[in-house]
Amino acid sequence: MQQLVEARADPERAGRTVRWGGVAAALFAVAWGGNQFTPLLTMYRQHSGFSSQAVTVLLAAYVIGIIPALLLGGPLSDRYGRRPLMYPAPLIAAAGSALLAVGASAEPVLFAGRLLSGVALGLGMAVGSSWIKELSMLDPAGIGRGASRSSTALSAGFAVGAAAAAALAQYAPWPTALAYLLHIVIALAATVAVIGAPETRPTNRSTSRGTDTADTRPRRRLIDDLRVPAARQRRFLLVVLPMAPWIFGFAGSAYAILPTLTGGWTAADTAWSGLHCLLALGCGIAVQPLGRRLGAADATRAIVLGLAIGIAGLLVGSTALITGAAIGSLIAAVVLGTGYGMLLSSGLQEVQRIAGPDDLAGLTAVYYALSYLGFCVPAVLAALSPLVGYPVLFDIGAGIGLIALLVVLIGSRTARGVSAQQPGR
C-alpha cells in the first residue's frame, strides 16, 4: 500500500489518481445486470411457458457464476492487481445480457447468459469493492467511506436494474429483449468510465501503469494467494459469518417471494415484482449512511440492528401472507430492505477492518460468497412450502434470525480486541 501513502503526501498526485467514481460506475453496471432478471420470472413463465422448476434453475445459474468469480477473482486481484480483473467485468455483463436478449425461449441460452451475469457480478463485488476502498483512501473526504461507496453502488445497481427491467417488460415493446439491450449500453459506458481508474495493487512483474511504485515482494505460489487466513479469525467467524447469509436472505424474501404470493389482485404482476425490488433495495441504499455512522468504531451495533430490523420484516411478511394484504407486502419489503442495507454496509465495514492489505479482496470475496448463500432462501422455501406454508416458514426464519443475532452479540464480546491484522501474512 506504499503508493497510497505517497499519494496522500502528494496532493497533486492524489488529485491525479482519485478515480473511484469510474469503478463505482462499473460496479453499478454489473449489479444492474445481475438483478434485472429477478422481477421477470413471472414473465418467463407466461411468455416462454417455462415451468417454475426451470425458472428456479435459471435463477440458480446466476449464483453458480458468482461464487467461483468471487473466490478466485478476489485473491487473484490481490496478486495481479485490480485493473486486470475488474476491466472485463462490465463487458462480461454485456455479453450476458446479449445472450438473455436473444434467448427468450431457449433455456440453455438463458442459462449461459445468467452464468455470465453472475461471473461479472462476482468480479465486481470482490475486486470493485476493494478497489473503491483503496481509491477512497487517496481522498481526504473519502477515508473510511470505501465500504459505503461500494455498497451504495452495488445496491443502486440492484434496485435500478430490477425496476427498469420490470417497467420495460410490463409496459414497453419487446418485453423479453429491450431491458437487456438497455443494459448493454450502460455496461459499455461503464467500461469507458473505469478506464481512468489507477491501479492500487501493483505487482512485482513490472511497474503498473498509473502508479510510480512496483511491488518488490517475493512472488508466492498461486495456491497460497487463494487462501485467506483472515477468514479464520475469531471475529470473522463469530460476527461476520452468522450475519452474512441474512443479507440476501432478507432481500430475496422481499423481492423474490412476497410479490409472487401477494400479486393476485393485479394483472401487472411484473411491475408489482419490480415495485418490491425498488422499495426493498431503495430502502437498503437510504439506510446505509446510518449503518456507516453506527459502525464507524465497531460494526457490531449496526449488524445487530440490521438483524433485528430484518427479523421484524419477516414477521410483517408472515402477517401479510396470512391476511393477503397488498399494503402489508409492501411494508414488509421496506422493512426487509432496510435490514438488508444495514447489514450489507456494516458487514463490509467489518470485513475491511479485519482484512490486511494483502488479502482485502480475498476476504471481501469470502464475505460476499457467504452473503449469497441467502439467495438460496427462495428456493428452499419453495421446496418446503407444501409442507407447512409460507407464513410458518417466515416465522421459523425469524426464529433462526434471532439465534444469529444472539450469536453475534456473544461473539462480538468474546472476540473484542482481536487484532485486525491477520496472522501469516
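Bear in mind that the values here come from a model prediction, so they are computed numbers and not experimental data. (Residues numbered from 1 in each chain as written. Predicted model: local features only at pLDDT ≥ 70, side-chain atom pairs only at ≥ 80, totals over all residues. Heavy atoms only, no water.)

(A) The overall build of the protein chain, seen in detail. Helix and strand counts for the protein chain stand at 18 helices and 0 strands. Of all 425 residues assigned to the protein chain, the portion counted as buried reaches 58%. Partitioning the intrachain contacts of the protein chain with sequence separation of at least 6 by distance along the chain shows that 82% fall at a separation of at least 24. With the model as given, the accessible surface of the protein chain reaches about 15800 Å², and the carbon-plus-sulfur share is 69%. (Helix = DSSP H or I, 4+ residues; strand = E, 2+ residues; numbered from the N terminus. Buried < 20%, exposed > 50% of the residue type's maximum accessible area, 1.4 Å probe, protein only. Contact = heavy atoms within 4.5 Å. Areas by Shrake-Rupley, 256 points an atom, 1.4 Å probe, with all protein chains shown as cover.)

(B) Expanded view of the nonpolar core. Ranked by size, the top nonpolar core spans 107 residues in total, and within it Leu121, Phe158, Met243, Phe248, Tyr367 and Tyr372 carry the most contacts. Ranked by the residues each element gives to this core, the list is headed by helix 12 (residues 234-262), at 15 residues. The residues that make up this core include at least three from each of domain 1 (17-200) and domain 2 (229-417). Sequence-distant contacts of Phe248, that is, excluding residues within four places in its chain, are made with Met125, Phe158, Tyr255, Tyr340, Ser371, Tyr372, Gly374 and Phe375. (Core = buried A, V, L, I, M, F, W, Y, C linked by side-chain atoms within 4.5 Å. Domains from an automatic or database assignment.)

(C) Highlighting empty space enclosed by the protein. Overall, the coordinates contain 3 cavities of 30 Å³ or more when judged by the stated rule. In this model, the second largest cavity occupies a volume close to 50 Å³. Lining the second largest cavity are Thr38, Pro39, Leu40, Leu41, Thr42, Tyr255, Ala256, Thr260 and Ser273. Elements represented by at least two residues in the lining of the second largest cavity include exactly helix 4 (41-47) and helix 12. With 3 residues, helix 12 is the largest single contributor of residues to the lining of the second largest cavity. Domain assignment of the residues forming the lining of the second largest cavity places at least three in each of domain 1 (17-200) and domain 2 (229-417). (1 Å grid on protein atoms, 1.4 Å probe; cavity = no way out; pocket = protein on both sides within 12 Å on 5 of 7 lines; lining within 4 Å. Points joined across faces, edges and corners; volume = space filled by probe spheres on them.)

(D) Broad picture of the pattern of salt bridges. This structure, assessed with the given rule, holds 4 salt bridges. With its nearest N and O atoms 2.6 Å apart, the salt bridge here joins Arg82 to Glu134. With a gap of 52 residues between them, Arg82 in helix 6 (residues 82-86) and Glu134 in helix 8 (residues 107-136) connect regions that are remote in the sequence. A salt bridge links Glu350 to Arg353; the nearest nitrogen and oxygen atoms lie 3.3 Å apart. In this pair, Glu350 and Arg353 both sit in helix 15 (residues 326-354), 3 residues apart, roughly one turn of the helix. Classification of Glu350 as buried rests on a relative accessible area of 2%. (Salt bridge = Lys/Arg side-chain N within 4 Å of Asp/Glu carboxyl O.)

(E) Region of the structure containing helix 15. Taking 1.5 Å of rise per residue, 29 residues should cover 42 Å, and helix 15 covers 42 Å from first to last C-alpha, within 8% of that figure. Counting buried positions along helix 15 yields 23 of 29 residues, so the element is predominantly enclosed. (Expected span 1.5 Å × (residues − 1).)

(F) Spatial organisation of unusual backbone geometry. Even without being a glycine, Trp174 presents a positive backbone phi close to 50°. On the secondary structure map, Trp174 appears in the loop between helix 9 (146-171) and helix 10 (178-193). Trp174 gets classed as exposed once you look at its relative accessible area, which sits at 58%.

(G) Main features of the packing of aromatic side chains. Applying the stated criterion across every chain yields a total of 11 aromatic pairs. Geometrically, the ring pair formed by Tyr62 and Tyr372 is edge-to-face, given 5.8 Å between the ring centres and 80° between the ring planes. With Tyr62 in helix 5 (residues 52-80) and Tyr372 in the loop between helix 16 (360-371) and helix 17 (377-388), this residue pair connects regions lying 310 residues apart in the sequence. With a relative accessible area of 0%, Tyr62 lands in the buried category. Its relative accessible area of 1% is what places Tyr372 among the buried residues. These aromatic residues form a ring-pair network of at least three members: Tyr62, Phe158, Phe248, Tyr340, Tyr372 and Phe375. (Phe/Tyr/Trp six-rings, centres within 6.5 Å; stacked < 30°, edge-to-face > 60°.)

(H) Main features of the packing of helix 3 (residues 20-35) against helix 8. Orientation of helix 3 relative to helix 8, taken along the N-to-C sense of each, is 155°, at an axis distance of 8 Å. Classed by the angle they form, the pair helix 3 and helix 8 counts as roughly antiparallel. As helix 3 runs across helix 8, the sense of the crossing is left-handed. Of the residues in helix 8, those touching helix 3 at Trp20, Val23, Ala24, Leu27, Val30, Ala31, Gly33 and Gly34 are Arg114, Ser117, Ala120, Leu121, Gly124, Met125, Gly128, Ser129, Trp131, Ile132 and Leu135. Counted by class, the contact of helix 3 with helix 8 contains 12 nonpolar, 6 polar and 1 charged residues. (Axes fitted to C-alpha atoms, helices over the stretch in contact; angles between N-to-C directions. Parallel < 35°, antiparallel > 145°, perpendicular 65-115°, else oblique. Left-handed = near helix turned anticlockwise from the far one by under 90°. Nonpolar A, V, L, I, M, F, W, Y, C, P; charged D, E, K, R; others polar.)

(I) A look at a nonpolar patch on the surface. On the surface, Val380, Leu384, Leu387, Val388, Val392, Ile396 and Ile400 cluster together into a nonpolar patch covering about 600 Å² of accessible area. The element best represented in the nonpolar patch is helix 17, accounting for 4 residues. Along the chain, the position of Val392 falls in helix 18 (residues 390-414). Val392 sits in the partly exposed class, given a relative accessible area of 38%. (Patch = residues over 30% accessible without salt bridge, like charges linked within 9 Å, V, L, I, M, F, W, Y side chains within 5 Å.)

(J) A look at the confidence of the model for the protein chain. In the predicted model, the protein chain carries a mean pLDDT of 84, and the fraction of residues at 70 or more is 85%. Contacts from residues 1-17, a stretch scored under 50 in pLDDT, to residues over four places away or in other chains number 28 contacts. (pLDDT = per-residue confidence, 0-100.)

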